Amino acid sequence: MKKIVTLTFCRSINYGALLQTYALRKHLQSCGYDCSVINYQNPKLKYAQISGLKKIRSIVWNNTLSGFFESRKRKIRTENFRENHLNLGQIYSSLDSLKTLNKSADVFIVGSDQVWNPQIVADDNAYFLSFAEDGKKRISYAASFGLYVVDKKYLDDNSKYLKKFNAVSVREKSSAEILKQIDVEAETVADPVFLLNRNEWIDNLSLNADTDNIKAGSKYVLCYVMPCGSELAEMIYSAAEKIASEKGLKIITLGKKNYARPCGDEILDGDAGPVEFLQYILNAEYVVTNSFHGTALSVVFGKNFYTLLKHGVQRNCRMEELLSSLSLDERIVYVGDDFKFSDEDIDYSGVQDKLTEIIGKSHGFLIEAVEK
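Because the structure is predicted, anything quoted here is derived from the model rather than measured.

Caption draft 1: Representation of the confidence of the model for the protein within the structure. In the predicted model, the protein carries a mean pLDDT of 89, and 88% of its residues have values of at least 70. In this model, residues 47-51 is a region of pLDDT below 50 whose contacts with residues beyond four sequence positions or in other chains number 11 contacts. Segment residues 53-69 is flagged for pLDDT under 50; beyond a separation of four residues in sequence, or across chains, it makes 14 contacts in the model.

Caption draft 2: Representation of the pairing of strand E5 (residues 107-110). Residues Val-107 and Ile-109 point to one face of E5 and Phe-108 and Val-110 to the other, with burial holding for every one of them. As judged from the 4 bridges shared by strand E1 (residues 3-7) and E5, these two strands associate in the parallel manner. Counted as the bridge partner of Thr-6 is Ile-109 from E5. In terms of strand pairing, E5 meets strand E6 (residues 137-143) through 4 bridges, oriented parallel. Residue pairing for E6: Val-110 is matched across the bridge by Ser-140.

Caption draft 3: A look at the environment of Leu-222. Residue placement: Leu-222 occurs in strand E9 (residues 220-224). For the pair Leu-222 and Glu-285, spaced 63 residues apart in sequence, the C-alpha separation works out to 7.8 Å. Those residues within four positions of Leu-222 in sequence are excluded, and the remaining contacts are Ile-252, Leu-254, Tyr-280, Ile-281, Ala-284, Tyr-286, Val-287 and Val-288.

Caption draft 4: The packing of aromatic side chains, seen in detail. Inspection of the entire model under this criterion finds 16 aromatic pairs. Ring geometry for Phe-9 versus Tyr-127: centroids 5.4 Å apart, planes at 65°, classification edge-to-face. With Phe-9 in the loop between E1 and helix H1 (15-30) and Tyr-127 in the loop between helix H5 (118-121) and E6, the pair connects residues that are 118 residues apart, well separated along the chain. Summarising the burial analysis for this pair, Phe-9 and Tyr-127 share the class buried. Ring pairing ties together the aromatic residues Trp-116, Phe-128, Phe-145, Tyr-154 and Phe-165, which thus form one cluster.

Caption draft 5: Spatial organisation of H1. Between its first and last C-alpha, H1 extends 22 Å over 16 residues, near the 22 Å set by a 1.5 Å rise per residue. For H1, the buried fraction is high: 13 of the 16 residues fall into the buried class. The backbone nitrogen of Gly-16 has a side-chain oxygen 2.9 Å away, supplied by the residue at the start of H1, namely Asn-14. Looking at the residues trailing H1, positive phi occurs at Gly-32, about 95°.

Caption draft 6: Spatial organisation of the environment of Ile-178. On the secondary structure map, Ile-178 appears in helix H7 (residues 173-180). Ile-178 sits 26 residues away from Lys-152 along the chain, and the two C-alpha atoms are 9.1 Å apart. Discounting chain neighbours no more than four positions away, the residues touching Ile-178 are Phe-145, Leu-147, Tyr-148, Val-149, Val-150 and Leu-155.

Caption draft 7: Main features of the side chain of Ser-291. For Ser-291, the position within the fold is in the loop between strand E12 (286-289) and helix H11 (292-300). A polar atom in the side chain of Ser-291 sits 3.3 Å from the backbone nitrogen of His-293. Once residues lying within four places of it in the same chain are set aside, the contact partners of Ser-291 are Tyr-224, Met-226 and Met-319.

Caption draft 8: Local environment of the packing of H11 against helix H12 (residues 317-325). Where H11 meets H12, the closest approach of the two axes is 9 Å, and the angle between their N-to-C directions is 20°. The pairing of H11 with H12 is recorded here as roughly parallel in orientation. The way H11 lies across H12 gives a crossing that is left-handed. Judged by residue contacts, Phe-292, Thr-295 and Ala-296 of H11 engage Arg-318, Met-319, Leu-322 and Leu-323 from H12.

Caption draft 9: Spotlight on the packing of helix H10 (residues 274-283) against H11. The geometry of H10 relative to H11 is characterised by a closest axis approach of 9 Å and an angle of 55° between their N-to-C directions. What the angle tells us is that H10 and H11 run oblique. Two packed elements cross with a definite hand, and for H10 against H11 that hand is right-handed. When H10 is examined against H11, the residues Phe-277, Leu-278 and Ile-281 are found in contact with a partner set consisting of Gly-294, Leu-297 and Ser-298.

Caption draft 10: Looking closely at the sheet that holds strand E14 (residues 332-334). Pairing within the open sheet is parallel, and its 6 strands lie in the order E11-E10-E9-E12-E13-E14. Across the chains shown, the open sheet's two edge strands, defined by having one partner strand only, are strand E11 (267-269) and E14. Strand-to-strand twist of the sheet, defined as the mean angle between neighbouring strand axes without regard to direction, takes the value 20°. With 4 bridges joining them, E9 and E12 adopt parallel strand pairing. Note that in E12 the partner of Tyr-224 across the bridge is Thr-289. In the packing of H11 onto the sheet, the strands contacted are E9, E12 and strand E13 (304-309), and the crossing angle to E13 comes to about 160°.

Reading the values: the criteria
- Note on numbering: residues in each chain are counted from 1, in written sequence order.
- Restriction of local features to residues with pLDDT of at least 70 applies here, the model being predicted, together with a cutoff of 80 or more for giving and counting side-chain atom pairs; totals for whole chains, interfaces and linings are based on all residues.
- Where side-chain values are given, they derive from all heavy atoms of the structure, hydrogens and water being excluded.
- pLDDT expresses how confident the predictor is about each individual residue, on a scale running from 0 to 100.
- Contacts were defined at the residue level, with two residues in contact if any of their heavy atoms lie within 4.5 Å.
- Exposure categories follow from relative accessible area, calculated using a 1.4 Å probe and restricted to protein chains: below 20% of the type maximum is buried, above 50% is exposed, and the middle band is partly exposed.
- Helix and strand definitions follow DSSP, with helices as H or I runs of at least four residues and strands as E runs of at least two, each counted in order from the N terminus.
- Here, any two strands with at least 2 DSSP bridges between them count as paired.
- Any Phe, Tyr or Trp ring, taking Trp's six-membered ring, that has another such ring centre within 6.5 Å forms a pair; planes under 30 degrees apart are called stacked, those over 60 apart edge-to-face, and the others tilted.
- In a helix, the anticipated span is given by 1.5 Å times the number of residues less one.
- As used in this structure description, the phrase polar contact means that two N or O atoms lie within 3.5 Å; if the pair is within protein, one of them must be able to donate a hydrogen and the other to accept it, and residues adjacent in sequence are counted only when both atoms belong to side chains.
- Between N-to-C directions, angles span 0 to 180 degrees; the directions come from axes that are lines fitted to C-alpha atoms, helices contributing only their stretch in contact.
- For classification, angles of less than 35 degrees are called roughly parallel, those exceeding 145 degrees roughly antiparallel, those between 65 and 115 degrees roughly perpendicular, and all remaining angles oblique.
- Left-handed describes a crossing in which the near helix is turned anticlockwise from the far one by less than a right angle; the clockwise case is right-handed.

In structure tokens:
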């Protein structure tokens, strides 16, 4: 049996990062492979793209103030999810420590998520599998730059690693176009959360209709807000309020207390872990979000949703390309546009046909890349 190890952002408290890590591992295991996730933590990266006063503020926040404002319950639930579903094991914190994996691994897979985004990984070439020895199979699965444009020097610096890959796939067509600048061909595949279908998510994680704030039969709009400017955040809240008012629903908002604004008699949940996050989406009547994985999982669970974005933001490519590929562009609303609530449910029959084709191609890429 081939031993596969994957490298991605498994230490984040971000729901999407953890769930895509879980989904890729689970899918590979279901295909009969021995798959584990590298517990990689590069201490340099936390402040890699921050300088001056912002760095000082960030250090103070992470080491002192966050304990007062961030949910201890969410941290515990997140750690429990990592322990129970990712089985991370030994911590690796340097390239030298990662090289020891060559003794046991047959295949290295990097991805998914924004593992090639220079604003996140800076000069850490581990995410280009620089530690893998010659003769070891290197694959990227749904890796993402998370941007429409990437500095050419960053590409040139990492091209020597990319050209050693046996198979390259990315999550967005824009990422494939970026790689063409250094003569690397890449297939476009689905984010790992799509590799598990609705029933697999429910069965594997025992999802149900009960969390701290919802009971079976509760009807609500889920408002999931990733950190963003006040203008976009306000539009997300206003859209949720409009839907709730027209449909007679409650509002439940997920987010940190330092940037989430409760609207009206809304419930604000800062304690939800990855499983609770999934349950909130699964049981929602509507989802309003600016999150890529909030959008993707709304599609997986067949939800009515709206994705709100600000014009001219590079990271929008993730949501824009995903929804365009599924002919769901009309579910995007931009700041400055009028939010027009439609009482019509999304017709998922056509969406499912497109998804089936994309997922089939993605699964085929993985199997061929590992076995070829």
